[in-house]
Amino acid sequence: MRVLVSGGAGYIGSHTTLQVLAAGHDVVVVDNFSNAKPSVMARLEALAGQPIEVHGFDLTDRDKTEHLFATEQFDAVIHFAGFKAVGESVEKPLEYYENNLDSTFSLVRAMQRHGVKKLVFSSSATVYGEDAPVPMKEDFPTSATNPYGWTKVMIEQILRDVAVADPEMRIALLRYFNPVGAHPSGTIGEDPQGIPNNLVPFIAQVAVGRREHLNIFGDDYDTPDGTGLRDYIHVEDLAAGHVAALNRLGQVDDAVSTWNLGTGHGTSVKEMLAAFSRAVGRDLPYQVAPRRPGDIAASYADPSRANRELGWQATRTVDDMCADTWRWQSGNPEGYPS
């Protein structure tokens with residue numbers, strides 16, 4: 001297949017691009033580089049051993065999106081592109097709704113006009129809201145606690161409605177939990193802009209000396225060690241899940257399929273910190289801070305549907321995640337070159 005990967009220079013997009021290529025498909029990347037650096041593409045090409053076609057523009061530009069589909073032929077799309085910082089979405093809700101929805105409208109309209117019927121959408125476990133019991137299952141009702149999460153809920157519904165109007169569409173909604181880790185070569189990894197929003201890249205920056213210590217937000221939750229439990233999944237396992245979903249779309253009768261991509265168990269903040277300390281070879285400093293509004297005690301997946309229907313399973317351990325992250329961060333202490 002010839003696959004368009006939107007946001008293919010980003011953290012998850014770059015790892016997925018490599019695995020889609022390794023599976024024998026052709027890949028074209030479109031990315032506006034608002035949350036990624038162009039230098040990642042040279043590293044991807046080196047790892048893939050082949051050139052990768054890349055288009056640097058914003059999908060909200062409908063004319064450029066239409067021109068891309070009019071001049072190239074695609075069999076499928078994997079859609080990562082979008083703003084993704086929860087805290088920023090609370091501060092800038094209109095920007096998040098406008099960007100994430102408009103880019104999807106532009107992309108899906110172009111797909112419809114040019115007969116592209118397969119779409120893998122990068123959704124999130126945030127669509128389960130704050131009251132869902134664990135483990136979280138795909139048939140739970142959806143909700144959200146922030147504008148970023150609501151864009152995912154809304155886009156999922158939009159894509160379901162599109163599939164009703166066009167029964168030939170085959171759409172995968174992939175809800176994943178907490179992606180961490182890096183390519184085992186240490187060549188590509190997560191390079192957050194500004195202060196990291198997520199736990200593991202923050203720990204990595206503490207380990208490399210860019211941050212003084214980790215703040216653990218609350219140690220009095222109803223969990224074994226009092227810190228929050230999250231379902232951390234290695235980005236390489238996550239990328240493999242996208243390839244499995246892409247291949248599966250040609251074999252399913254349902255127009256829309258929803259799959260959780262996770263390990264099925266939670267790891268606490270303190271457990272993750274201990275694992276990263278093992279990877280680095282020394283204890284890393286931390287302080288306990290008050291709970292953050294909106295944080296919940298536990299969030300982890302029931303991945304049994306993906307295990308069964310995709311023949312996919314997360315195989316890498318928390319120690320693997322930390323070792324690969326440290327290999328990337330220690331080799332690239334400032335992230336990708338500008």
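If you're wondering where the values come from, they're calculated on a predicted model, not measured in any experiment.

**A look at the pattern of salt bridges**
Enumeration according to the criterion identifies 17 salt bridges in this entry. A salt bridge links Glu88 to Lys92; the shortest N-O distance between them is 3.8 Å. With relative accessibility at 32%, the residue Glu88 sits in the partly exposed group. Between Arg210 and Glu334 there is a salt bridge, with the nearest N and O atoms lying 4.0 Å from each other. Here the residue Arg210 occupies a position in the loop between helix H7 (199–207) and strand E8 (214–217), and Glu334 occupies one in the segment after helix H11 (318–331), the gap between them amounting to 124 residues. Taken together, the shared-partner salt bridges in this structure form one network comprising Arg2, Glu53 and Glu72.

**Let's talk about the UniProt feature "domain: NAD-dependent epimerase/dehydratase" (unreviewed entry) in the chain**
Within the UniProt annotation, "domain: NAD-dependent epimerase/dehydratase" (unreviewed entry) is assigned to residues 3–251. Between the C-alpha atoms that bound residues 3–251 the distance is 17 Å, and the span itself is 41% helix and 17% strand.

**Brief notes about helix H5 (residues 93–113)**
Counted at 1.5 Å a residue, the expected span for H5 with its 21 residues is 30 Å, and the 30 Å between its end C-alpha atoms agrees. For H5, the full list of buried residues reads Tyr96, Asn99, Asn100, Leu101, Ser103, Thr104, Ser106, Leu107, Val108, Ala110 and Met111. Contacts from the buried residues of H5 go to strand E1 (2–6), helix H3 (62–71), strand E4 (76–79), helix H4 (86–91), strand E5 (118–124) and helix H6 (147–165). Looking one or two residues beyond H5, the residue adopting positive phi is Gly115, at roughly 70°.

**Brief notes about the packing of H5 against H6**
Between H5 and H6, whose axes approach to 9 Å, the crossing angle comes to 20°. By the angle class used here, H5 and H6 are roughly parallel. As for how H5 packs across H6, the hand of that crossing is right-handed. From H5, Pro93, Tyr96, Tyr97, Asn100, Leu101, Thr104, Phe105, Val108 and Gln112 reach across to H6, where they touch Pro147, Tyr148, Trp150, Thr151, Met154, Ile155, Ile158, Leu159 and Val162. Classifying every residue of the contact of H5 with H6 gives 14 nonpolar, 4 polar and no charged.

**A word on the sheet that holds strand E11 (residues 256–261)**
As summarised here, the arrangement of the 7 strands in space is E3-E2-E1-E4-E5-E6-E11, forming an open sheet in which the pairing is parallel. In this open sheet, the two edge strands, each paired with only one partner strand, are strand E3 (53–55) and E11. The mean inter-strand angle of the sheet, taken between neighbouring strand axes irrespective of direction, is 20°. In the sheet, E1 pairs with E4 via 4 bridges, with the strands oriented parallel. Of the residues in E4, the one forming a bridge with Leu4 is Val77. Across the sheet, H5 touches E1, E4 and E5, and the angle it forms with E4 is around 175°. Helix H8 (residues 235–248) rests against E1, E4, E5, strand E6 (170–176) and E11 of the sheet, and its axis sits at about 160° to E6.

**Structural notes on the nonpolar core**
Residues Leu174, Leu261 and Trp312 are the most contacted members of the largest nonpolar core, which totals 41 residues. Elements that contribute at least two residues to this core include exactly E1, helix H1 (11–22), strand E2 (26–30), helix H2 (39–48), E4, E6, H8 and E11. For this core, the leading source of residues is H8, giving 6 residues. Leave out the neighbours within four places in its chain, and Trp312 touches Ile233, Asp237, Ala240, Gly241, Ala244, Asn260, Leu261, Gly262, Ala306 and Asn307. Core analysis: the next-biggest nonpolar cluster, separate from the first, contains 24 residues, Leu59, Leu68, Phe69 and Ala163 among them.

**Observations concerning the packing of aromatic side chains**
Considering all chains together, one arrives at 6 aromatic pairs under this definition. Between the aromatic rings of Trp328 and Tyr336, the centroid separation amounts to 4.8 Å while the plane-to-plane angle is 50°, which identifies the pairing as tilted. Across this residue pair, the class does not change: Trp328 and Tyr336 are buried. One aromatic cluster is present, built from ring pairs that chain together Tyr128, Phe140 and Phe177. Just above the ring of Phe202 sits the side chain of Arg211; from NZ or CZ to the centre is 6.0 Å. Over the face of the ring belonging to Tyr221 we find Arg291, whose NZ or CZ atom lies 4.0 Å from the ring centre.

**Some words on H3**
Three or more residues of H3 are buried, namely Thr65, Leu68 and Phe69. An end-on view of H3 places all buried positions within 90° of arc, on one side of the element. Exposed side chains of H3 directed beyond 90 degrees from the buried face belong to Asp63, His67 and Thr71. Sitting at the head of H3, Asp61 places a side-chain oxygen 3.2 Å from the backbone nitrogen of Asp63.

Cut-offs applied
- Residues numbered from 1 in each chain as written.
- Predicted model: local features only at pLDDT ≥ 70, side-chain atom pairs only at ≥ 80, totals over all residues.
- Heavy atoms only, no water.
- Salt bridge = Lys/Arg side-chain N within 4 Å of Asp/Glu carboxyl O.
- Buried < 20%, exposed > 50% of the residue type's maximum accessible area, 1.4 Å probe, protein only.
- Helix = DSSP H or I, 4+ residues; strand = E, 2+ residues; numbered from the N terminus.
- UniProt positions renumbered as here; feature names shortened; annotations may be inferred.
- Expected span 1.5 Å × (residues − 1).
- Contact = heavy atoms within 4.5 Å.
- Axes fitted to C-alpha atoms, helices over the stretch in contact; angles between N-to-C directions.
- Parallel < 35°, antiparallel > 145°, perpendicular 65-115°, else oblique.
- Left-handed = near helix turned anticlockwise from the far one by under 90°.
- Nonpolar A, V, L, I, M, F, W, Y, C, P; charged D, E, K, R; others polar.
- Pairing = 2+ DSSP bridges.
- Core = buried A, V, L, I, M, F, W, Y, C linked by side-chain atoms within 4.5 Å.
- Phe/Tyr/Trp six-rings, centres within 6.5 Å; stacked < 30°, edge-to-face > 60°.
- Lys NZ or Arg CZ within 6 Å of the ring centre and 35° of its normal.
- Arc of directions from axis to C-beta.
- Polar contact = N/O pair within 3.5 Å; in protein donor to acceptor, adjacent residues only side chain to side chain.

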